[in-house]
Amino acid sequence: MAKAVAQIEARQMNMTYQEDESAPKASEEVLADEVLRADDARYEAMVNGDLAALDLLLSPELTYTHSSAHCESKKEYMASLSGGRVRYQATQRDEVSVRIRGEAAILEGHVVLLATVDGVPRRLDNRFLSVWLRRDHSWQMLAWASTPLPDVPKEGAKDAD
């Protein structure tokens with residue numbers, strides 16, 4: 001666990017840029033790459049059950065809205081992981097877009113999560129929106145919200161709309 005925390009801290013150290021007003025500011029492309037690496041590290045920590053690393057990547061003010069619409073604080077979310085109520089086995093993020101606004105980043109995309117929730121294996125196929133803040137030269141996730149994708153109707157089936 002200590003090794004993973006050290007790796008997260010090292011990644012965050014490598015993601016810094018000069019705060020000196022005379023130095024050029026990091027481009028949006030560089031900042032987008034930084035926040036995507038932080039998000040990759042978050043998924044890795046979730047799958048590995050590395051709560052110490054995850055703690056560094058989540059803002060103390062985190063609001064985590066699950067695809068079930070259940071909303072948790074950071075403390076509640078971390079408790080669900082540490083208590084074993086939720087265990088992640090795999091994640092796959094794609095179709096992600098990043099918008100940088102000052103010290104904030106907004107990520108939108110698609111994610112498939114394989115997890116065990118309350119002892120039941122689940123495949124969560126979601127669209128997501130997450131908000132990240134850059135503080136003290138590192139990124140932390142401030143908010144997460146996900147929405148399940150509807151089941152694709154079988155060929156020939158009529159939409160309910």
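This report concerns the structure included in the present document. (Residues numbered from 1 in each chain as written. Predicted model: local features only at pLDDT ≥ 70, side-chain atom pairs only at ≥ 80, totals over all residues. Heavy atoms only, no water.)

### What about helix α4 (residues 74-82)?
Put simply, the test is: For the exposure calls, accessible area comes from a 1.4 Å probe over protein chains only, and a residue counts as buried if that area is under 20% of its type's maximum, exposed if over 50%, partly exposed in between. Working definition: helices are DSSP H or I runs of at least four residues, strands are E runs of at least two. Numbering for both runs from the N terminus. What the arc covers is the set of directions going from the helix axis to the C-beta atoms.
Within α4 the residues assigned to the buried category are K74, Y77, M78, S80 and L81. For α4, the angular spread of the buried residues around the axis is 155°, confining them to a single face. With respect to the buried face of α4, the exposed residues turned more than 90 degrees away are K75 and S82. A positive backbone phi angle near 85° is found at G84, which sits one or two residues after α4.

### Overview of the layout of surface pockets
Applied cut-off: For each structure, a 1 Å grid was placed over the protein atoms alone; sets of points admitting a 1.4 Å probe that cannot get out are labelled cavities, open sets with protein on both sides within 12 Å along at least five of seven lines are labelled pockets, and lining residues have an atom within 4 Å of a point. Grid points are joined across faces, edges and corners, and a volume is the space filled by probe spheres set on the points. Three categories are distinguished: nonpolar for Ala, Val, Leu, Ile, Met, Phe, Trp, Tyr, Cys and Pro, charged for Asp, Glu, Lys and Arg, and polar for the others, with Gly belonging to the last.
The computed volume of the largest pocket comes to approximately 220 Å³. If you trace the largest pocket, you find 16 residues lining it, with H66, S67, V117, R122 and L124 closest to the centre. Looking at the lining of the largest pocket, the elements with two or more residues in it are β3 (86-101), β4 (104-117), β5 (120-135) and β6 (138-148). For the lining of the largest pocket, the per-class residue count stands at eight nonpolar, six polar and two charged. One number sums up the size of the second largest pocket: a volume of about 170 Å³. Broken down by element, the lining of the second largest pocket gets its largest block of residues, five residues, from β5. For the lining of the second largest pocket, a count of residues per class yields five nonpolar, two polar and four charged.

### Looking at unusual backbone geometry
Negative phi is the rule for most residues except glycine; trans is the rule for most peptide bonds. Of note, the phi angle at E95 is positive, near 50°, even though the residue is not glycine. Structurally, E95 can be placed in strand β3. For E95, a relative accessible area of 56% gives the class exposed. The phi dihedral of D136 falls on the positive side, at around 50°, and the residue is not glycine. As for its placement among the helices and strands, D136 is situated in the loop between β5 and β6.

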